[in-house]
Amino acid sequence: MTSVPRLVVAAPASGSGKTTVATGLMAAFAARGLAVSPHKVGPDYIDPGYHALATGRAGRNLDAYLCGPELIGPLFAHGASGCDIAVVEGVMGLYDGAAGEGELASTAQVAKLLRAPVVLVVDASSQSRSVAALVHGFASWDPEVRIGGVILNKVGSDRHEALLREALDASGVPVLGVLRRVKQVDTPSRHLGLVPVAERRAAAVEAVAAMAAQVEAGCDLDALAGLARGAGALSCEPWEPPVVPVGERAVVAVAGGPAFTFSYAEHAELLTAAGAEVVPFDPLRDERLPEGTAGLVIGGGFPEVYAGELSANEPLRAAVGALVRSGAPVAAECAGLLYLCRELDGQPMCGVLDASARMSERLTLGYRDAVAVGDSVLAAAGTRMRGHEFHRTVVEPGAGAAPAWGVRAPERRVEGFVQRGVHASYLHTHWASEPGVARRFVERCRTS
């Protein structure tokens with residue numbers, strides 16, 4: 001059972017200002033001395049980095065497609081344990097979810113699963129009285145979704161604000177904040193969204209402070225906190241990673257730094273519970289793997305941005321190659337897959353996979369249903385998992401490796417590489433949905 005006060009920040013569509021409002025709220029509440037639990041609906045890795053800056057706590061994802069609806073409450077309760085308030089940033093438009101799957105993985109579904117009120121962020125820049133019709137439609141579409149208030153964004157003037165408030169007076173949905181049309185907060189984007197915090201930490205700190213100031217000045221924080229306190233109690237036990245009793249722990253090196261920023265917080269927790277000593281390292285700067293490395297995890301990120309620097313770190317590339325030749329387990333997702341290839345955009349990489357990678361104009365994006373084609377260090381043949389692809393690169397395979405997954409996307413195809421102790425794939429997966437993945441990986445680290 002958890003009764004942590006909470007609210008969900010949603011919008012009618014992407015680009016309405018959810019990230020600014022959610023991150024600003026987190027930082028503003030934290031500045032008041034509250035312990036704030038930050039969450040993000042969907043598979044996004046980048047926004048949680050800004051949330052972590054705002055709150056001083058790990059940003060956590062709530063993805064009903066990757067983890068299943070049944071884990072949303074427990075994962076939320078795990079992350080929010082001991083906190084005074086939780087803020088959940090939505091994804092896309094309020095009712096947008098996995099394509100062709102109804103409400104699955106939508107912000108609306110997560111709000112219902114959490115019994116949390118929704119604050120609707122509306123871009124009011126090109127409307128006045130019509131805002132009431134828009135808010136009425138969103139508030140009445142699903143009676144189980146409680147729209148507890150509206151924050152009007154990009155409001156042009158006092159007169160514009162007065163017209164918007166007058167229109168909303170009869171809607172029954174209170175206006176809890178008004179943000180003026182100002183110069184955009186410095187949160188630069190590139191080919192896959194915002195630039196991660198790890199690549200611009202000083203500027204990101206300033207950006208989060210600016211978001212907090214904007215929200216503090218324009219929103220009724222007391223009313224928003226009161227709305228959060230009205231969330232219903234959740235009758236679920238917090239998720240906990242299953243603990244495997246072990247003696248000496250196996251060292252699992254986990255890639256980090258600016259080039260490899262994509263990771264779910266629960267993965268390190270699952271590895272630790274399974275008997276690993278998780279040791280981070282930065283492939284841009286560290287010339288050696290951590291002492292005693294028995295296994296390697298390389299998650300997602302932006303190696304294409306740092307291809308030259310990754311390639312220049314020849315000692316580390318050689319160390320990764322030697323680890324793979326020893327038969328040690330290696331789990332690589334997306335960016336990790338690219339790093340293990342022979343080359344990326346013509347720059348030599350680790351060369352442990354007979355494949356080359358290059359940037360592409362085409363964005364590959366979407367949820368995937370996957371089944372393990374054969375046995376690997378992560379999964380036994382036939383293991384079913386759900387994943388997510390998000391990249392603008394193409395890998396052209398050579399020979400000598402079996403595929404990792406059979407994927408329905410919606411066409412059926414095979415994907416990824418299983419070779420020696422390597423499992424490399426474009427799919428991002430959330431191991432909380434299948435804790436046996438972490439147990440299997442760490443056990444292989446201990447016995448290989």
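Residues numbered from 1 in each chain as written. Predicted model: local features only at pLDDT ≥ 70, side-chain atom pairs only at ≥ 80, totals over all residues. Heavy atoms only, no water.

Engineer: Whenever I open this one, the pairing of strand β1 (residues 6–10) confuses me. Can you help?
Structural biologist: Each regular strand carries side chains that alternate between the two faces of the sheet. With 5 of 5 residues buried, β1 lies mostly within the body of the structure. Along β1, one buried face is formed by Arg 6, Val 8 and Ala 10 and the opposite face, lined by Leu 7 and Val 9, is buried too. Pairing of β1 with strand β5 (residues 118–123) involves 3 bridges; the strand directions are parallel. Counterpart to Val 9 in the pairing with β5 is Val 119. (Buried < 20%, exposed > 50% of the residue type's maximum accessible area, 1.4 Å probe, protein only. Helix = DSSP H or I, 4+ residues; strand = E, 2+ residues; numbered from the N terminus. Pairing = 2+ DSSP bridges.)

Engineer: Got a minute to help me understand the packing of aromatic side chains in this structure?
Structural biologist: Each aromatic ring pair is summarised here by two numbers: the centre-to-centre distance and the angle between the ring planes. Counted by the stated rule, this structure contains 7 aromatic pairs. With a centroid separation of 4.3 Å and an interplanar angle of 25 degrees, the aromatic rings of Tyr 65 and Tyr 367 are classed as stacked. Residue Tyr 65 is located in the loop between β3 (60–62) and α3 (72–80), and its partner Tyr 367 is located in strand β16 (residues 355–372); the two are separated by 302 residues in the primary sequence. The exposure class of Tyr 65 is buried, given its relative accessible area of 5%. Between the aromatic rings of Tyr 95 and Phe 138, the centroid separation amounts to 5.9 Å while the plane-to-plane angle is 25 degrees, which identifies the pairing as stacked. With a gap of 43 residues between them, Tyr 95 in the loop between β4 (85–89) and α4 (107–114) and Phe 138 in helix α5 (residues 130–141) connect regions that are remote in the sequence. Three or more aromatic residues joined by ring pairs make a cluster, and in this case those are Tyr 45, Phe 262, Tyr 264 and Phe 302. Positioned above the aromatic ring of Tyr 65 is the side chain of Arg 386, whose terminal nitrogen or guanidinium carbon lies 4.0 Å from the ring centre. (Phe/Tyr/Trp six-rings, centres within 6.5 Å; stacked < 30°, edge-to-face > 60°. Lys NZ or Arg CZ within 6 Å of the ring centre and 35° of its normal.)

Engineer: Just to check I follow, could you spell out the nonpolar core for this structure?
Structural biologist: One recurring pattern in soluble globular proteins: nonpolar side chains tend to sit buried together. The biggest cluster of nonpolar side chains holds 115 residues, and the ones touching the most others in it are Leu 94, Leu 152, Leu 224 and Leu 271. Top element by residues in this core is helix α1 (residues 18–31). It accounts for 7 residues. When neighbours within four sequence positions are excluded, Leu 152 is seen to be in contact with Val 122, Val 131, Leu 164, Leu 168, Val 175, Gly 177, Val 178 and Leu 179. Counting residues in each nonpolar core, the second largest holds 38 residues, with Leu 284, Leu 337, Leu 353 and Val 422 among its members. (Core = buried A, V, L, I, M, F, W, Y, C linked by side-chain atoms within 4.5 Å. Contact = heavy atoms within 4.5 Å.)

Engineer: What is the right way to look at the sheet that holds strand β11 (residues 276–281) in this model?
Structural biologist: The pairing of strands in a sheet comes from backbone hydrogen bonds and takes either a parallel or an antiparallel form. The 6 strands lie next to each other as β11-β10-β12-β13-β21-β20, forming an open sheet whose pairing is mixed. At either end of the open sheet lies a strand with only one pairing partner, and these are β11 and β20 (417–419). Direction aside, the axes of adjacent strands within the sheet are offset by 15 degrees on average. Sheet topology places strand β12 (residues 293–298) next to strand β13 (residues 330–333); 3 bridges connect them, and they run parallel. Looking at β13, one finds that Ile 298 is bridged to Ala 332. Relative to the sheet, helix α11 (residues 314–325) contacts β11, β12, β13 and β21 (422–425), its axis offset from that of β12 by approximately 115 degrees. (Axes fitted to C-alpha atoms, helices over the stretch in contact; angles between N-to-C directions.)

Engineer: Which parts of the structure should I look at to understand helix α7 (residues 201–218)?
Structural biologist: Within an α-helix, residues lying three or four positions from one another point in the same direction, as the helix has 3.6 residues per turn. With 18 residues, α7 should reach 26 Å at 1.5 Å per residue; the first-to-last C-alpha distance of 26 Å fits that figure. Those residues of α7 not exposed but buried are Ala 204, Ala 207, Val 208, Met 211, Ala 212, Gln 214, Val 215 and Gly 218. For α7, the angular spread of the buried residues around the axis is 160 degrees, confining them to a single face. In α7, the exposed positions that point more than 90 degrees away from the buried face belong to Ala 202, Glu 206 and Ala 217. Residues of α7 that are buried in the fold lie against α1, α2 (47–55), β7 (175–180) and α8 (221–229). (Expected span 1.5 Å × (residues − 1). Arc of directions from axis to C-beta.)

Engineer: I keep staring at the packing of α5 against helix α6 (residues 158–168) and nothing clicks. Help me out?
Structural biologist: Two packed helices can be described by the angle between their axes and the distance between those axes. Axis separation between α5 and α6 bottoms out at 8 Å; the angle between their running directions is 45 degrees. When the axis of α5 is compared with that of α6, the two are oblique. When the axes of α5 and α6 are compared, the crossing they make is right-handed. Between α5 and α6, the residues in contact are Val 131, Ala 132 and Val 135 and Leu 164, Ala 167 and Leu 168, respectively. Class assignment for the residues of the contact of α5 with α6 results in 6 nonpolar, no polar and no charged. (Parallel < 35°, antiparallel > 145°, perpendicular 65-115°, else oblique. Left-handed = near helix turned anticlockwise from the far one by under 90°. Nonpolar A, V, L, I, M, F, W, Y, C, P; charged D, E, K, R; others polar.)

Engineer: Is there a simple way to explain the side chain of Ser 16 in this structure?
Structural biologist: Looking at the secondary structure, you find Ser 16 in the loop between β1 and α1. Relative accessible area serves as the criterion here: at 6%, Ser 16 is assigned to the buried category. Among the polar contacts listed, one links the side chain of Ser 16 to the backbone oxygen of Ala 13, at a separation of 2.8 Å. Sequence-distant contacts of Ser 16, defined by excluding residues within four places in its chain, comprise Ala 11, Val 121, Asp 123 and Asn 153. (Polar contact = N/O pair within 3.5 Å; in protein donor to acceptor, adjacent residues only side chain to side chain.)

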